[in-house]
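Read off the chains here:
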There are 2 protein chains.
Amino acid sequence: MTMAADLTDRQRRILARLVSEYIEQGEPVSSSWLAEHSGLGLSSATVRNILARLEEQGLVRQPHTSAGRTPTDAGYRLYVDWLLNARRRLKSADGLETRLRRSGTVTDLLENVSHELAMASQQIAFAMTPASQTVRLRHITFVSLDSRRVLVTVVATGNQVTHKVIDTPEEYEMAALEQAAQYINAEFAGLTLHEAREAIVARMHEERMIYDVLLTRALQLAQTGLDEVTPEETLHVQGASFLFEGALGSSVDREHVTLETLRALFKLLEEKHRLVELLTSYIEADGLTVVIGSEHTSPDMHPFSLVASSFNDGQRTGTVGVIGPTRMRYQRAITVVDGVSQAVARVLEGN
Amino acid sequence: MTMAADLTDRQRRILARLVSEYIEQGEPVSSSWLAEHSGLGLSSATVRNILARLEEQGLVRQPHTSAGRTPTDAGYRLYVDWLLNARRRLKSADGLETRLRRSGTVTDLLENVSHELAMASQQIAFAMTPASQTVRLRHITFVSLDSRRVLVTVVATGNQVTHKVIDTPEEYEMAALEQAAQYINAEFAGLTLHEAREAIVARMHEERMIYDVLLTRALQLAQTGLDEVTPEETLHVQGASFLFEGALGSSVDREHVTLETLRALFKLLEEKHRLVELLTSYIEADGLTVVIGSEHTSPDMHPFSLVASSFNDGQRTGTVGVIGPTRMRYQRAITVVDGVSQAVARVLEGN
DNA sequence: ATTAGCAGTCACCCCTAGCGAGTGCTAATC
DNA sequence: GATTAGCACTCGCTAGGGGTGACTGCTAAT
């Protein structure tokens, strides 16, 4: 395998035609088919020469000697990079946006987004808001549940609501809790969740000597309540059944999407923290990311590709995307993910 | 197929042996194997006669002429009914219970329960609390999100927390909202959610003439907030990857658990409301319910069996259970589901 | 009622042969 | 020098056939 970058224009067009045809049909593409449909007016023999060179570069492969060519992951990569340069806009963005605007909390929004994305792309889709340093505390409430338990509800910017039950060393009066909440809200609202926790801890040290029981309790409750904005709850996955389409499609599929690999993927999807790790490791910058087959770090993902886009409303960065077999309709996936991502960003800015 | 009820003791024992062996091995059971292992001291020929009669009754079936017998759904049914009469207790219930007690809200609890159940049974598991008429309002809070939106948080008995964003016709002051919440809490806490809504509507009619703006607004907010305790949020499913085990297990499985049927099931599981409908249609009384293969109303469920148990803590009725191929380890599933269900009930009573 | 024995069925495995799609290579052509 | 026609070759796929073994159902003897 030599350098893959230096391709003649003709080679590139043949490769692109091959990849798109293979994506549609799912069967190895022959030299004669390419000769007829490439629009280059070449004979199949010439195409064979070209294919032989593409194969040397590791861009295409033959399942067996007397078969046509299929793209390798590297071949998909070149094709996708080429697609990304000429990106299309999603048409139905308006309807989508108004539908998304109906969402209440961020959780609702992510739920809706993942659903829309799964339907539009006909693939498994996810939407994630990673625990962000820029989400700000808006309002906190305490409700006494029973003698030893207090419910803490935290509302953050972007209508993000989390609640959590805390075991306390002693019982609280309803009135005391309300007062405590008022105190916290007055003092710490507007800070990022992280800052707020820091500030509260600092305050606890400062005022340690004051022996104001109420104050101490309030700070303790608030600190514990802010301790954890679980990342698990901010990841939404939908459309798992679409994964079967790929496996069902080409009847006796020699694709590597088998029951075994499907199971591995499902297991990965179930352990949400693994998926979160995976996603956060990819997405550094804003914008579209495509990770193809063996480019994944996790072996379980090798039979699959991922198309994701991170959005940024200034306050919070999130990621939406789809997962499908490496033989995926990248054109459509990219268009849809990009469109949805931007719609989400606009919706969040609107708040 | 004649009446299935009147079986001699010998027939019953042969059937039970056949079913349990088939469940373990996944392969048709032959007359000679049964003759050796039934403990009845019969020859294979006699067993063949018995099997022929069981087949007449529709309890067993031959995949093809020269194969052993497999149970039909009716055969499983008899076997399961027989199991239910001699139920075992789950041993590890203590550890389970303390683990479950760590859950905060009911949502947490259901999440944990479905997880525990999936792991213990090695099958896909669910936990559900249907919208209940007996849940009582404990505490309500309003938080202003932006000019036209208010977050309503409802805490109900059993640490059930729901929140919802409401679009309002006009802006509210923070102070006004707090006052409104206090009013609602003072007046309506302790009623069931349904009663509370009724009472609030009644109050709105009564006091229509009073022109107390604050009061009216409070009532309106509360009413809208209580309107919907979404059933979707109260269903938790986990362990989907276990479904693959069955399909992978017997290599080239002639079981009806194919990719196609798996896909149908996944689709059903994704549309949670369909699953909720299904479950609520089965579970009327307390206690264990087993629904086997073709006994399901939905064709998508025909290749699968369901073992569920509803629990009742006096306030609320919920359901936990597992789903697996009709060739399921019913003994284990029943024990586990029963044990977990009772543990959940105890945990809920503890609150 | 039970059983031994026997004939019959049928999935499974393996082998073979033929087909056809598609290739690589070479020699002729523009 | 690039392109192409032609040809030999490879190899997956399918169909068919024979052998094997695991069962069964039936019948006649116990």
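The structure presented is a predicted model; accordingly, all values stated were derived computationally and were not measured.

Caption draft 1: Spotlight on the protein's contact with DNA strand C. Lining the immediate surroundings of DNA strand C are 20 residues, of which A:Ser31, A:Arg69, B:Arg10, B:Thr46 and B:Ser66 lie closest. In DNA strand C, atoms within 4 Å of the protein come 79% from sugar and phosphate. Separating a phosphate oxygen of DNA strand C from a side-chain N or O atom of A:Ser31 is a distance of 2.5 Å. Broken down by element, the residue count for the surface near DNA strand C peaks at 4 residues, all from helix H3 (residues 44–56) of chain B. Taken together, the residues of the surface near DNA strand C sort by class into 3 nonpolar, 13 polar and 4 charged.

Caption draft 2: View of the protein's contact with DNA strand D. For DNA strand D, the set of nearby residues contains 20 residues, the closest of which are A:Arg10, A:Thr46, A:Ser66, B:Ser31 and B:Arg69. Within 4 Å of the protein, the contacting atoms of DNA strand D are drawn from sugar and phosphate to the extent of 77%. Separating a phosphate oxygen of DNA strand D from a side-chain N or O atom of B:Ser31 is a distance of 2.3 Å. Separating a base nitrogen of DNA strand D from a side-chain N or O atom of B:Arg48 is a distance of 3.1 Å. Looking at the surface near DNA strand D, the element that brings in the most residues is helix H3 (residues 44–56) of chain A, giving 4 residues. Of the residues contributing to the surface near DNA strand D, the split by class is 3 nonpolar, 13 polar and 4 charged.

Caption draft 3: Seen up close, the relation of the copies chain A and chain B. With an RMSD of 0.2 Å, the fit of chain A onto chain B corresponds to turning through 179° and sliding 0.1 Å along the axis. Taken together, the rotation and translation describe the operation of a two-fold axis. Taken as a fraction of all interface residues of chain A, those also at the interface in chain B reach 100%, which identifies the copy contact as same-surface.

Caption draft 4: Structural context of the packing of aromatic side chains. Considering all chains together, one arrives at 8 aromatic pairs over all chains under this definition. On the numbers, 6.1 Å between centres and 45° between planes, the contact of A:Phe244 with A:Phe266 is tilted. One end of the pair, A:Phe244, is in helix H10 (residues 242–249); the other, A:Phe266, is in helix H11 (residues 259–270), with 22 residues separating them in the sequence. Overall, A:Phe244 belongs to the buried group, its relative accessible area being 0%. A:Phe266 gets classed as buried once you look at its relative accessible area, which sits at 4%. Joined through ring pairs, the aromatic side chains of A:Phe244, A:Phe266, B:Phe244 and B:Phe266 make up one cluster.

Caption draft 5: Quick peek at the interface of chain A and chain B. Between chain A and chain B, the contact holds 37 residues from the first and 37 residues from the second. Carbon and sulfur atoms supply 61% of the area buried between chain A and chain B, which totals about 3400 Å² over both sides. Taken together, chain A and chain B are joined by 2 salt bridges. The partner of B:Glu245 in a salt bridge is A:Arg263, with the nearest N and O atoms 2.6 Å apart. Mapped by element, the contributors of at least two residues to the side of chain A that touches chain B are strand S4 (137–146), strand S5 (149–156), strand S6 (160–167), helix H7 (174–188), H10 and H11 of chain A. By residue number, the principal contributor to the side of chain A that touches chain B is H11(A), which donates 7 residues. Among the residues making up the side of chain A that touches chain B, the classes are represented as 14 nonpolar, 13 polar and 10 charged.

Caption draft 6: Layout of empty space enclosed by the protein. Using the criterion set out here, one finds 9 cavities of 30 Å³ or more in the structure. Contributing elements (two or more residues each) for the lining of the largest cavity: S4 and H7 of chain A together with strand S4 (137–146) and helix H7 (174–188) of chain B. When grouped by side-chain class, the residues that make up the lining of the largest cavity number 9 nonpolar, 8 polar and 2 charged.

Caption draft 7: Inspection of unusual backbone geometry at higher detail. A positive phi angle, close to 55°, is found at A:Gln122, a residue other than glycine. Along the polypeptide, A:Gln122 turns up in the loop between helix H6 (106–121) and strand S3 (124–128).

Caption draft 8: Broad picture of the confidence of the model for chain A. With 86% of its residues at a pLDDT of at least 70, chain A reaches an overall mean of 84. Segment residues 249–253 of chain A is flagged for pLDDT under 50; beyond a separation of four residues in sequence, or across chains, it makes 4 contacts in the model.

Caption draft 9: Representation of H6(A) within the structure. Residues and elements named next belong to chain A. For H6, spanning 16 residues, the distance from its first C-alpha to its last is 22 Å, which sits close to the expected 22 Å at 1.5 Å a residue. Those residues of H6 not exposed but buried are Val106, Leu109, Leu110, Val113, Ser114, Glu116, Leu117, Ala118 and Ser121. Following H6 by one or two positions, Gln122 adopts a phi angle in the positive range, close to 55°.

Caption draft 10: Region of the structure containing the sheet that holds strand S5 (residues 149–156) of chain B. Residue and element names in this part refer to chain B. Read from one edge to the other, the open sheet built from 3 strands follows the order S4-S5-S6, with strand pairing classed as antiparallel. The two strands at the open ends of the sheet, each matched to only one other strand, are S4 and strand S6 (160–167). Direction aside, neighbouring strands of the sheet carry axes that sit 20° apart on average. Where S5 lies against S6, 8 bridges are found, and the strand directions are antiparallel. Of the residues in S6, the one forming a bridge with Val154 is Thr162. Running over the sheet, H7 touches S4 and S5 and is turned about 165° from S4.

Caption draft 11: How the structure looks around the pairing of S4(B). Residues and elements named next belong to chain B. S4 sits mainly inside the fold: 8 of its 10 residues count as buried. For S4 and S5, the ladder comprises 8 bridges, and the chain directions are antiparallel. Bridge assignment links Phe142 to a residue of S5, and that residue is Val152. With antiparallel pairing between neighbouring strands as the criterion, S4 and S5 make up a hairpin whose turn holds 2 residues.

Caption draft 12: Region of the structure containing the sheet that holds S3(A). Residues and elements named next belong to chain A. Spatially, the 5 strands line up as an open sheet ordered S7-S3-S10-S9-S8, and their pairing is antiparallel. Looking at which strands have only one partner, the edges of the open sheet turn out to be strand S7 (235–238) and strand S8 (287–292). Pairs of neighbouring strands in the sheet enclose a mean axial angle of 15°, with direction left out of account. Bridging between S8 and strand S9 (residues 304–312) involves 6 bridges; their strand directions are antiparallel. The residue bridging Ile292 from the neighbouring strand is Ser305, located in S9. Those strands touched by H6 are S3, S7 and strand S10 (317–325), and its axis lies near 155° from that of S3.

Caption draft 13: The arrangement of helix H12 (residues 272–282) of chain A in detail. All names here are of chain A. Regarding H12, the residues found buried are Leu275, Val276, Leu278, Leu279 and Tyr282. End-on, the buried residues of H12 take up no more than an arc of 165°, which puts them together on one face. Against the buried residues of H12 lie S3, S7, H11, S8 and S9.

Caption draft 14: Representation of the pairing of S5(B) in the model. All names here are of chain B. Where burial is concerned, most of S5 is hidden: 8 out of the 8 residues are buried. Burial of S5 is two-sided: the residues Arg149, Leu151, Thr153 and Val155 facing one way and the residues Val150, Val152, Val154 and Ala156 facing the other way are all buried. The turn linking S5 back onto S6 is made up of 3 residues, and Gly158 within it adopts a positive phi angle of 80°.

Thresholds, definitions, all that
- Residues numbered from 1 in each chain as written.
- Chains lettered and ligands numbered in written order.
- Predicted model: local features only at pLDDT ≥ 70, side-chain atom pairs only at ≥ 80, totals over all residues.
- Heavy atoms only, no water.
- Near = heavy atom within 4 Å.
- Polar contact = N/O pair within 3.5 Å; in protein donor to acceptor, adjacent residues only side chain to side chain.
- Helix = DSSP H or I, 4+ residues; strand = E, 2+ residues; numbered from the N terminus.
- Nonpolar A, V, L, I, M, F, W, Y, C, P; charged D, E, K, R; others polar.
- Least-squares fit on C-alpha atoms with pLDDT ≥ 70 in both.
- Contact = heavy atoms within 4.5 Å.
- Phe/Tyr/Trp six-rings, centres within 6.5 Å; stacked < 30°, edge-to-face > 60°.
- Buried < 20%, exposed > 50% of the residue type's maximum accessible area, 1.4 Å probe, protein only.
- Buried area = accessible area lost by both parts, 1.4 Å probe.
- Salt bridge = Lys/Arg side-chain N within 4 Å of Asp/Glu carboxyl O.
- 1 Å grid on protein atoms, 1.4 Å probe; cavity = no way out; pocket = protein on both sides within 12 Å on 5 of 7 lines; lining within 4 Å.
- Points joined across faces, edges and corners; volume = space filled by probe spheres on them.
- pLDDT = per-residue confidence, 0-100.
- Expected span 1.5 Å × (residues − 1).
- Pairing = 2+ DSSP bridges.
- Axes fitted to C-alpha atoms, helices over the stretch in contact; angles between N-to-C directions.
- Arc of directions from axis to C-beta.

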